Amino acid sequence: MTHAHDRALPRAVRQAMPMARDVLVEVAKQHGVCIRPIPLKRLDVVTGKTEIIDVPCGATLDSKCPPCAKRNKQLRKAQCREGWHLDTEPAITPDEPNEEQRWLVEFRADYQAQREAAEKAGDDTTELEAIISGLDEEINAAGMRGNVLGRTAFKRSRSTRRRQDAPDLPKRKMTHTTLGRTFQGSDGKIYRPSLFVTLTLPSYGKVRDGAPIDPNTYDYHRAARDALHFSKLVDRFVQNLRRVAGYDVQYFASVEPQKRLAPHLHMAIRGTLPRAEIKQIAAATYHQVWWPQADEVVFDGDHVPVWQDCTGYLDPATGEVLPTWDEALDALDEDAEPLHVIRFGEQVDVQGVLAGTPDADQCIRYLSKYLTKSIGDALDGGQTQQQHAARMLDALRYEPCSPTCPNWLRYGIQPKDAKPGMHPGRCRGKAHKPEHLGYAGRRVLVSRKWSNKTLAEHKQDRRTWVLEALGQADEPTDPHRYIWRPVPAGDANVPPLALRLLRSVHERQRWRAHLRELEARATGQDLSAVEDVGRAA
Ligand SMILES: [Zn+2]
Ligand SMILES: [Zn+2]
């Protein structure tokens, strides 16, 4: 018998043995256990007992481990299926906030306080801000609308000339319904047709196998800006779509990477419009970016603006204060050109889909196919494609990703909310990262009246099903019963990660054994629902 501690074994044999710890992580993944759980302190106000509870990372922040990503993909599929061919108007009275929603907001409050304290102490708040923006996204993903702070910035009043014009499109009278038309067949059966639309960005140069044939003429500059502003273009498309359709069109869409590393959009639309009209809308849709110029480099290399307390960023040579973001916007006069205009490409694919057909299932699979991958993951590893990605990243390096991007300093403007330590080319925003390649928006876009349920309610559905199958009632918990608090890093009450993973794997095995017994009886049900219950158990 070979034994890893046996010193007599040749070094090469010992090294070929897997590390026990790595095997644990692999096993955890196979069991669908979150491998980066977040410990939270839960105070039970009824019993006064405090416990440390692991919450799957996918339930809180953006960074998702493979099991959490897979679980979220399953939930998204269920959500997509639920809403597509709805035959009654969804009820949209706001629900009572549930436990998850409450604790997310409490969690958010704690980070707000930490950020304010850090700011007061003059510490770097970048990391905390990243967490807060991740939490804000999660707050929305958990089925809450808007931002906890409400509308933070007052809206700038733009001159009417610069306001985006409605493109020249047919316009139907608006009816107050979210449902599409139905048709009755000669057999008396009601058909409920819907659409599956794919929208793509324009060509930046000929590509083969996901990489440009001629990198020197490929328009990386435009590709970078298009990726940065893609989500705005999608918003415009939806606005135009509703105007033309004459009803409150609902959609479930996913943004996915193409092989050439540009984002594109798949959209399930409830109801139907003529194919030619969808194409007409896509062709007429555009978005103008009204930002200051970012083409003429003002500061470069060592010659970069310097920070002065109480003043802001100064020209290092003249000491002149750079215009602030608001001043730069005000300086855009009536003759100003938009920094960028983005449009869709000519490739628009429109497919009619009937409720409950294999086609519909196929589309739903397609919509969620890449959800566990980031935009940069479309890389198949080929060298020419790697180089293509590197050039795309280069093009994004000095592109301002938002009004607060440090890159504005390069173009002689103080970023919005300027603070010390900003340096052009070193923005830590998502858009500049290799896994996002310019697109930092949400990957799944679901309209508000898509289904009657939020993602949180879909989770609850699956949990209820499993508990019922196990003969246990899913008692609604009193939302006021628990108070959740983050656990400070290095808290001695939190067992080591390996120990927590071992426990979760054990729990999961127990649940699986239960479910296997039920499998024979409850055929056709989705057993991955156990994933959600493992957490609640
Ligand atoms: Zn996880
Ligand atoms: Zn940036």
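Here the structure is shown first, and the text comes after it.
Here goes a summary of the coordinates provided. (Residues numbered from 1 in each chain as written. Chains lettered and ligands numbered in written order. Predicted model: local features only at pLDDT ≥ 70, side-chain atom pairs only at ≥ 80, totals over all residues. Heavy atoms only, no water.)

Digging into the coordination of the zinc ion (ligand 2)
Between any two of four tetrahedral donors, the ideal angle at the metal is 109.5 degrees; between two of six octahedral donors, it is 90 or 180 degrees. Here the zinc ion (ligand 2) is held by Cys 401 (SG), Cys 405 (SG), Cys 427 (SG) and His 432 (NE2), and the distances to it run 2.1 to 2.3 Å. Around the zinc ion (ligand 2) sit 4 donor atoms; with metal-centred angles ranging over 103 to 115°, the donor geometry is tetrahedral. All donors to the zinc ion (ligand 2) come from one chain, and their sequence spacing reads C-x3-C-x21-C-x4-H. Note on accessibility: Cys 427 and His 432 belong to one class, buried. (Donors = N, O, S within 2.8 Å, 3.2 Å for Na, K, Ca; no water. Tetrahedral: all angles 85-135°; square planar, octahedral: opposite > 155°, others 65-115°. Buried < 20%, exposed > 50% of the residue type's maximum accessible area, 1.4 Å probe, protein only.)

Some words on the pattern of salt bridges
Summed over all chains, the structure comprises 14 salt bridges. For the salt bridge of Glu 399 with Arg 225, the shortest nitrogen-to-oxygen distance reads 2.8 Å. Taken as a pair, Glu 399 in the loop between helix 10 (383–397) and strand 15 (444–446) and Arg 225 in helix 6 (residues 220–245) lie far apart in primary sequence, 174 residues in all. Across the pair, exposure class does not vary: Glu 399 and Arg 225 are buried alike. (Salt bridge = Lys/Arg side-chain N within 4 Å of Asp/Glu carboxyl O. Helix = DSSP H or I, 4+ residues; strand = E, 2+ residues; numbered from the N terminus.)

Structural notes on the packing of aromatic side chains
Using the criterion set out here, one finds 12 aromatic pairs in the structure. With centroids separated by 6.5 Å and ring planes inclined at 55°, the aromatic side chains of Trp 84 and Phe 196 adopt a geometry described as tilted. Taken together, the residues Trp 84 in helix 3 (residues 66–84) and Phe 196 in strand 5 (residues 193–199) connect sequence positions 112 residues apart. Each member of the pair, Trp 84 as well as Phe 196, is classed as buried. Here the aromatic rings of Phe 230 and Phe 344 are separated by 6.4 Å at their centres, their planes lie at 90°, and the arrangement is edge-to-face. Remark: Phe 344 occurs in the loop between strand 13 (340–343) and strand 14 (348–354) and Phe 230 occurs in helix 6; sequence separation between them is 114 residues. Linked through ring pairs, Phe 230, Phe 237, Phe 344 and Tyr 439 together constitute an aromatic cluster. We note Arg 270 situated over the ring of Trp 450; from NZ or CZ to the ring centre the distance is 5.8 Å. The ring of Tyr 398 has Arg 410 lying over it, and the distance from NZ or CZ to the ring centre is 3.8 Å. (Phe/Tyr/Trp six-rings, centres within 6.5 Å; stacked < 30°, edge-to-face > 60°. Lys NZ or Arg CZ within 6 Å of the ring centre and 35° of its normal.)

Observations concerning the environment of Gln 386
When you line up the elements, Gln 386 lands in helix 10. Gln 386 sits 176 residues away from Gly 210 along the chain, and the two C-alpha atoms are 9.9 Å apart.

Considerations on the sheet that holds strand 16 (residues 482–486)
The 3 strands are arranged 2-1-16 in an open sheet whose pairing can be described as antiparallel. Among the strands making up the open sheet, the edge pair consists of strand 2 (50–55) and strand 16. Taking the axes of each pair of neighbouring strands and ignoring which way they run, one obtains an average angle of 35° across the sheet. The strands that helix 4 (residues 99–120) touches are strand 1 (38–44), strand 2 and strand 16; relative to strand 16, the one it contacts most, it runs at about 40°. (Pairing = 2+ DSSP bridges. Axes fitted to C-alpha atoms, helices over the stretch in contact; angles between N-to-C directions. Contact = heavy atoms within 4.5 Å.)

As for the pairing of strand 10 (residues 286–289)
The two faces of strand 10 match: Tyr 286 and Gln 288 on one face and His 287 and Val 289 on the other face are all buried. As judged from the 4 bridges shared by strand 10 and strand 13, these two strands associate in the antiparallel manner. Note on strand 13: the bridge partner recorded for Gln 288 is Val 341.

Observations concerning helix 9 (residues 358–368)
Ala 360, Cys 363, Ile 364, Leu 367 and Ser 368 are the residues of helix 9 that are buried. Taken end-on, helix 9 shows its buried residues confined to a sector of 125°, consistent with a single buried face. Packing partners of the buried residues in helix 9 comprise helix 3, strand 5, strand 8 (251–257), strand 9 (263–269) and strand 14. (Arc of directions from axis to C-beta.)

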